[in-house]
Amino acid sequence: QVQLVESGGGLVQPGGSLRLSCTASGSIGSVYVTGWYRQAPGKQRELVATITSVGVGIINDADSMQGRFTITRDSAKNTVYLQMNRLEPEDTAVYYCNLRSLLPTRGDYWGQGTQVTVSS
């Protein structure tokens with residue numbers, strides 16, 4: 001089993017920044033992908049960014065995210081970060097961390113989510 005704990009959400013003004021953290025514990029495995037998703041009220045959950053166990057990060061290629069969001073990891077801490085800059089009200093959502101384990105066993109794990117609210 002894998003446990004994911006997110007932190008770093010909160011209320012921020014438009015134009016501000018937040019850094020979300022996702023710390024994994026348990027049987028993470030050797031090959032896995034960690035991702036951030038978000039779900040706004042009344043909308044489907046959407047992918048924000050992913051990063052592999054070897055550190056290759058990809059941001060959703062939507063214009064709304066490119067250039068503002070960055071995903072990184074600290075392998076020693078089993079922690080993945082989502083740096084969000086120039087936040088907009090449209091970024092308001094619950095942000096979820098996901099870990100998809102591939103080797104040695106497959107698994108799909110979710111955190112409890114952290115609320116991000118962008119408002120003046």
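Further up the page is the structure itself.
Residues numbered from 1 in each chain as written. Predicted model: local features only at pLDDT ≥ 70, side-chain atom pairs only at ≥ 80, totals over all residues. Heavy atoms only, no water.

**Some words on the pairing of strand β10 (residues 107–110)**
So, point 1. Burial along β10 is one-sided: the residues Gly 107 and Tyr 109 are buried and none of Asp 108 and Trp 110 is.
So, point 2. Note: strand β9 (residues 93–103) against β10, four bridges, orientation antiparallel. By the bridge assignment, Asn 98 is partnered in β10 with Trp 110.
So, point 3. The loop that links β9 with its antiparallel partner β10 comprises three residues. (Buried < 20%, exposed > 50% of the residue type's maximum accessible area, 1.4 Å probe, protein only. Helix = DSSP H or I, 4+ residues; strand = E, 2+ residues; numbered from the N terminus. Pairing = 2+ DSSP bridges.)

**Describing the sheet that holds strand β3 (residues 18–26)**
So, point 1. In spatial order, the strands read β1-β3-β8-β7; together these four strands make up an open sheet with antiparallel pairing. The open sheet has two edge strands, β1 (2–7) and β7 (69–74), and neither has a second partner. Averaged over all pairs of adjacent strands, the angle between their axes in this sheet comes to 15°, without regard to strand direction.
So, point 2. In the sheet, β7 pairs with strand β8 (residues 79–84) via six bridges, with the strands oriented antiparallel. (Axes fitted to C-alpha atoms, helices over the stretch in contact; angles between N-to-C directions.)

**Points about a nonpolar patch on the surface**
So, point 1. A cluster of nonpolar side chains, namely Val 31, Leu 102 and Leu 103, defines an oily patch on the protein surface of about 210 Å² accessible area.
So, point 2. Of note, Leu 102 is situated in strand β9. (Patch = residues over 30% accessible without salt bridge, like charges linked within 9 Å, V, L, I, M, F, W, Y side chains within 5 Å. Areas by Shrake-Rupley, 256 points an atom, 1.4 Å probe, with all protein chains shown as cover. Salt bridge = Lys/Arg side-chain N within 4 Å of Asp/Glu carboxyl O.)

**Regarding the packing of aromatic side chains**
So, point 1. Across all of its chains, the model carries one aromatic pair by this definition.
So, point 2. The aromatic ring of Tyr 81 is capped on one face by Arg 19, whose charged end is 4.1 Å from the ring centroid.
So, point 3. Across from the ring centre of Tyr 96, 3.9 Å away, lies the NZ or CZ of Arg 45, which sits over that ring. (Phe/Tyr/Trp six-rings, centres within 6.5 Å; stacked < 30°, edge-to-face > 60°. Lys NZ or Arg CZ within 6 Å of the ring centre and 35° of its normal.)

**So, the nonpolar core**
So, point 1. Trp 36, Phe 69, Leu 82, Met 84 and Tyr 95 are the most contacted members of the largest nonpolar core, which totals 29 residues.
So, point 2. Taken together, the elements giving at least two residues each to this core come down to β1, β3, β4 (31–39), β5 (46–52), β7, β8, β9 and β11 (114–118).
So, point 3. Non-local contacts of Leu 82, meaning those with residues more than four positions away in its chain, are made with Leu 18, Arg 19, Leu 20, Trp 36, Val 48, Ala 49, Phe 69, Thr 70, Ile 71 and Tyr 95. (Core = buried A, V, L, I, M, F, W, Y, C linked by side-chain atoms within 4.5 Å. Contact = heavy atoms within 4.5 Å.)

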